[in-house]
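# Chain and residue survey
Each chain, written out:
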Amino acid sequence: MRDLDITEVARRSGVPASTLRFYEEKGLLCSTGRRGLRRLFGPDVLERLALIALGREAGFSLEEISRMFAPDGRLAIDRKLLVEKAEELDHSIRRLSAMRDGLRHAASCPAPSHLECPRFRRLLSAAVSSRREGTTAKGVGRAPRKRAPPTFRPRA
């Protein structure tokens, strides 16, 4: 298969050219050369973008994702890191499920005031304690992330 120029990669992957250049700057992608002023990428770039998108969707940082590739470009995924991320997701799922259930209860609570409802008060306490611990719905114990580049969506 032939190399793809940056425009073709952007079109086929749905990832803007600016993000492709950013990923290259961060070492996540490597262009194979140029055709005029346009970067060229090997045909495996679409699969690599899919892996980056999967990592981003799972909550990995770009730095963590970059460590999942060996210097020769092959996958070198740290299985321990995957287990840690899965445990972090399990924790988030439990916390978010409890929040969802509390909100559903609050929506249909028969108490005259939400502040008179013991279950709603527990929901308030949980929200306060999670703030003190530095946890949020977006990540456990993490600083707020900058907006992630768009995810890869293959086009037919």
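Residues numbered from 1 in each chain as written. Predicted model: local features only at pLDDT ≥ 70, side-chain atom pairs only at ≥ 80, totals over all residues. Heavy atoms only, no water.

### Here we look at the sheet that holds strand E2 (residues 33-35)
As summarised here, the arrangement of the 3 strands in space is E1-E3-E2, forming an open sheet in which the pairing is antiparallel. Among the strands making up the open sheet, the edge pair consists of strand E1 (4-5) and E2. The sheet contact formed by E2 and strand E3 (residues 38-41) spans 3 bridges and is antiparallel. The partner of Arg35 across the bridge, within E3, is Arg38. (Pairing = 2+ DSSP bridges. Helix = DSSP H or I, 4+ residues; strand = E, 2+ residues; numbered from the N terminus.)

### Re the packing of aromatic side chains
Any pair of aromatic rings gets described here by the distance separating the centres and the angle formed by the planes. As enumerated under the stated definition, the model contains 1 aromatic pair in all. Relative to Tyr23, the ring of Phe22 has its centre 6.4 Å away and its plane inclined at 45 degrees; by these criteria the two rings are tilted. Residue classification places Tyr23 among the buried positions, given a relative accessible area of 2%. Across from the ring centre of Phe69, 3.6 Å away, lies the NZ or CZ of Arg48, which sits over that ring. In this structure, Lys85 is placed above the aromatic ring of Phe60, and the distance from its NZ or CZ to the ring centre is 5.1 Å. (Phe/Tyr/Trp six-rings, centres within 6.5 Å; stacked < 30°, edge-to-face > 60°. Buried < 20%, exposed > 50% of the residue type's maximum accessible area, 1.4 Å probe, protein only. Lys NZ or Arg CZ within 6 Å of the ring centre and 35° of its normal.)

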